[in-house]
Amino acid sequence: MVAVAPFRILPFRILIVDDDRNCRESLRRALERDGHLVFTAEDGKAALAVARQQELDLVLTDLIMPGLGGLGFLDGLRILRPEVPAILISAFANVDTAVKAVQRGVSDVLEKPIRLRDVRKAVKRAMEGRRHERGFSGLRDASVREAAPPAPPSRERIVGRRRLVGRSPVFLDLLDLVGRVAAVQSTALLLGESGTGKELIAAALHEGSPRASGPLVKVACAALAEGVLEAELFGSEKGAYTGSVAQRRGRFELADGGTLFLDEIGDLPLSLQVKLLRVLQEGEFERVGGVSTQRVDVRVIAATHRDLEAEVRAGRFREDLYWRLNVIPLVVPPLRERGADVVLLAEHFLRLSLEATRRVTPDVIAPEALALMQAYRWPGNVRELENAIERAVVLSRSAQIGPDDLPAAVRRAASDPALQNRPPIHFEVGQTFEQLEREAIRRTLEAVDGNREAAASILGIGVATLYRRLKEMGEGDDPGPGPLFEHERGA
């Protein structure tokens with residue numbers, strides 16, 4: 001008969017923050033006796049330093065501390081570790097404090113003097129929720145007396161064969177949806193700003209699907225002229241146009257049995273939207289210059305940074321095609337909404353850049369540089385962050401990436417007082433969203449002396465989008481191929 005070893009609760013990584021040494025050490029000893037790995041800090045600033053360096057499962061923090069207090073620390077924790085629950089311990093807690101604490105992710109508020117029994121109950125409640133998030137069974141072989149610290153929550157998820165980096169709740173929710181959508185045959189529509197990683201998500205959908213053994217074919221709808229794009233999508237017969245000397249299969253035929261990714265579908269000309277709708281409905285089309293009907297079995301994944309409902313209202317996008325594409329919409333969040341993912345992605349891109357350049361340094365990002373990156377809004381999203389890290393690796397002359405190695409826009413947005421102390425925008429009941437948007441754009445441009453790149457960064461939109469909004473408002477022209485900013489025109 002096989003003997004079964006006993007089991008015990010998996011230990012958790014807990015941070016205790018309190019300026020009262022006796023209280024801090026008493027809690028540490030008690031929680032370590034319960035089998036947890038415990039870190040301590042005497043104030044909010046020291047606690048944030050620990051949170052930057054360690055994976056955490058739970059935080060217990062005092063409210064009133066010298067320097068950075070409990071609520072200020074929790075604000076910082078929400079940026080660094082937005083998924084980590086917290087327990088507030090205070091002799092001065094009231095209803096108002098409790099509300100503010102809950103808004104910062106606090107799961108329990110305990111009043112001093114505290115009893116270890118109450119602390120253990122609060123920790124157990126938080127642990128149950130945390131264990132459910134992490135997917136742990138909560139058991140481990142107790143025969144290992146000196147157990148190694150538990151593996152930290154995964155920073156990477158694999159969908160199909162695609163490795164995706166991130167642990168922010170909004171990104172993990174997306175990945176959960178991607179995993180479910182990948183298994184079906186329905187058309188998927190990826191919505192999100194430029195540079196958020198829609199192409200990566202499309203690849204994950206394909207690789208996690210029953211079509212993974214088939215081809216994944218990609219088409220950039222915004223990069224090709226209308227006539228060229230039609231031939232690219234549907235193919236052409238010999239002699240169909242000047243220079244067509246042989247029959248040519250299009251992307252739909254090449255993707256037969258697999259997946260076709262149509263990037264920036266919002267830029268597809270109306271004339272081609274009709275042909276695309278037919279393929280989606282009937283699975284058939286004719287090549288350019290041809291008369292015979294081609295039939296294909298293709299799953300379509302489309303992506304756009306545009307508001308397709310607004311494009312439909314403006315008459316630039318067919319409503320029937322919109323509803324055919326919008327079977328399963330997936331919103332890819334901008335980087336500014338992904339919290340601690342900025343740090344994870346920066347470290348990920350640092351490793352990739354070192355491998356690509358065959359360098360060994362800089363292999364660390366200085367805390368000051370990380371703080372700047374977290375303060376910046378990244379209007380170019382993940383693509384902009386990747387470019388910034390690659391640039392820093394190439395240009396840095398030290399063993400670590402410091403603030404001076406980052407692009408000027410990152411440094412400026414985090415340090416310019418005009419950006420940090422913007423006056424509030426007041427509105428009256430009855431004002432339209434268009435009026436509020438106009439006022440927000442106008443006031444932001446005033447705050448940055450008309451620098452449209454900086455204004456777009458603050459507003460969380462691309463520079464091209466800002467120009468389009470200004471043009472629609474009658475307050476700006478399309479910049480065309482010339483300089484983007486007034487201060488560049490004399491250069």
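Treat the numbers as computed from the prediction; the structure is a model and nothing was measured.

Section: the overall build of the protein chain
Link 1 in the chain: Helix and strand content of the protein chain: 20 helices and 18 strands.
Link 2 in the chain: Taking all 491 residues of the protein chain together, the buried fraction comes to 45%.
Link 3 in the chain: Pairs at least 24 residues apart make up 68% of the contacts formed inside the protein chain by residues separated by at least 6 positions.
Link 4 in the chain: If you sum the accessible surface of the protein chain, you get close to 25,300 Å²; carbon and sulfur atoms cover 51% of it.

Some details on helix α10 (residues 270-282)
Link 1 in the chain: Given a rise of 1.5 Å per residue, 13 residues ought to cover 18 Å, and the 19 Å separating the end C-alpha atoms of α10 matches this to within 8%.
Link 2 in the chain: When α10 is considered as a whole, its buried residues turn out to be Leu 272, Gln 273, Leu 276, Leu 277, Val 279 and Leu 280. The arc enclosing the buried residues of α10, seen along the axis, measures out at 160 degrees, which places them on a common side.
Link 3 in the chain: Lining the buried residues of α10 we find α8 (226-234), α9 (251-254), β12 (259-263), β13 (284-286), β15 (299-304) and α12 (319-325).
Link 4 in the chain: Of the residues flanking the end of α10, it is Gly 283, one or two places downstream, whose phi is positive at about 70 degrees.

Side note on the side chain of Glu 286
Link 1 in the chain: If you trace the backbone, Glu 286 turns up in strand β13.
Link 2 in the chain: Reaching out from Glu 286, the side chain makes a polar contact with the side chain of Arg 278 at a distance of 2.6 Å.
Link 3 in the chain: For Glu 286, the residues in contact, after removing those within four places along its chain, are Phe 234, Lys 275, Arg 278, Val 291, Ser 292 and Thr 293.

Brief notes about the packing of aromatic side chains
Link 1 in the chain: Evaluation of the coordinates by the stated rule reveals five aromatic pairs.
Link 2 in the chain: Both rings, one in Phe 234 and one in Phe 252, keep their centres 5.7 Å apart while their planes meet at 5 degrees; by these two values the pair is stacked. Highlighted residues: Phe 234 in helix α8 and Phe 252 in helix α9, separated in sequence by 18 residues. Neither Phe 234 nor Phe 252 differs from the other in exposure class; each is buried.

Considering the layout of surface pockets
Link 1 in the chain: In this structure, the second largest pocket occupies an estimated 590 Å³ of space.
Link 2 in the chain: In terms of lining, the second largest pocket is formed by 25 residues, of which the most central are Thr 196, Gly 197, Lys 198, Leu 200 and Val 382.
Link 3 in the chain: At the level of secondary structure, the elements contributing two or more residues to the lining of the second largest pocket comprise β9 (162-165), α7 (198-207), α13 (341-357) and α15 (381-395).
Link 4 in the chain: Grouping the constituent residues of the lining of the second largest pocket by class yields 10 nonpolar, five polar and 10 charged.

Thoughts on the sheet that holds strand β11 (residues 216-220)
Link 1 in the chain: Sheet architecture is open: five strands sit in the order β11-β12-β15-β10-β16, paired in parallel fashion. The two strands at the open ends of the sheet, each matched to only one other strand, are β11 and β16 (328-331). Strand-to-strand twist across the sheet, computed as the mean angle between neighbouring axes with direction ignored, equals 20 degrees.
Link 2 in the chain: As judged from the five bridges shared by β11 and β12, these two strands associate in the parallel manner. Across the sheet, Val 217 pairs through a bridge with Leu 260, a residue of β12.

Considering the sheet that holds strand β5 (residues 86-90)
Link 1 in the chain: Read from one edge of the open sheet, five strands run β3-β2-β4-β5-β6, paired in parallel fashion. At either margin of the open sheet sits one strand with a lone partner, and together these are β3 (37-41) and β6 (106-111). When strand polarity is set aside, the average angle formed by the axes of neighbouring strands in this sheet is 15 degrees.
Link 2 in the chain: In this fold helix α1 (residues 21-33) packs onto β2 (13-17), β3 and β5, with an angle of close to 170 degrees to the strand it touches most, β3.

As for the environment of Leu 385
Link 1 in the chain: If you trace the backbone, Leu 385 turns up in helix α15.
Link 2 in the chain: Leu 385 sits 36 residues away from Phe 349 along the chain, and the two C-alpha atoms are 8.4 Å apart.
Link 3 in the chain: If sequence neighbours within four positions are ignored, Leu 385 has contacts with Leu 335, Val 342, Leu 345, Ala 346, Phe 349, Met 373 and Trp 378.

Some remarks on unusual backbone geometry
Most peptide bonds take the trans form, and the phi angle of most residues other than glycine is negative.
Link 1 in the chain: Geometrically, the link from Thr 361 to Pro 362 is a cis peptide bond, its omega value of 0 degrees lying close to zero.
Link 2 in the chain: Tracing the backbone through its elements, the reader meets Pro 362 in the loop between α13 and β17 (364-365).
Link 3 in the chain: For Glu 264, which is not a glycine, the phi torsion comes out positive at approximately 55 degrees.
Link 4 in the chain: One can find Glu 264 in the loop between β12 and α10.
Link 5 in the chain: Note on Glu 264: relative accessible area 13%, which makes it buried.
Link 6 in the chain: For Trp 378, which is not glycine, the phi torsion reads 50 degrees and is therefore positive.
Link 7 in the chain: One can find Trp 378 in the loop between α14 (367-375) and α15.
Link 8 in the chain: Of the residues examined, Trp 378 reaches a relative accessible area of 0% and is grouped as buried.

Brief notes about the packing of helix α2 (residues 44-53) against helix α3 (residues 70-80)
Link 1 in the chain: Where α2 meets α3, the axes come as close as 10 Å, and the angle between the chain directions of the two elements is 10 degrees. Taken together, α2 and α3 sit at an angle that is classed as roughly parallel. α2 and α3 meet at a crossing whose hand is right-handed. Taking contact as the criterion, the partners of Gly 44, Ala 47, Leu 48, Ala 51 and Arg 52 in α2 are, on α3, Phe 73, Gly 76, Leu 77 and Leu 80.
Link 2 in the chain: Of the residues that constitute the contact of α2 with α3, the class distribution is six nonpolar, two polar and one charged.

Criteria and cut-off values
Residues numbered from 1 in each chain as written. Predicted model: local features only at pLDDT ≥ 70, side-chain atom pairs only at ≥ 80, totals over all residues. Heavy atoms only, no water. Helix = DSSP H or I, 4+ residues; strand = E, 2+ residues; numbered from the N terminus. Buried < 20%, exposed > 50% of the residue type's maximum accessible area, 1.4 Å probe, protein only. Contact = heavy atoms within 4.5 Å. Areas by Shrake-Rupley, 256 points an atom, 1.4 Å probe, with all protein chains shown as cover. Expected span 1.5 Å × (residues − 1). Arc of directions from axis to C-beta. Polar contact = N/O pair within 3.5 Å; in protein donor to acceptor, adjacent residues only side chain to side chain. Phe/Tyr/Trp six-rings, centres within 6.5 Å; stacked < 30°, edge-to-face > 60°. 1 Å grid on protein atoms, 1.4 Å probe; cavity = no way out; pocket = protein on both sides within 12 Å on 5 of 7 lines; lining within 4 Å. Points joined across faces, edges and corners; volume = space filled by probe spheres on them. Nonpolar A, V, L, I, M, F, W, Y, C, P; charged D, E, K, R; others polar. Pairing = 2+ DSSP bridges. Axes fitted to C-alpha atoms, helices over the stretch in contact; angles between N-to-C directions. Parallel < 35°, antiparallel > 145°, perpendicular 65-115°, else oblique. Left-handed = near helix turned anticlockwise from the far one by under 90°.

Distances and angles like these do not, on their own, reveal function.
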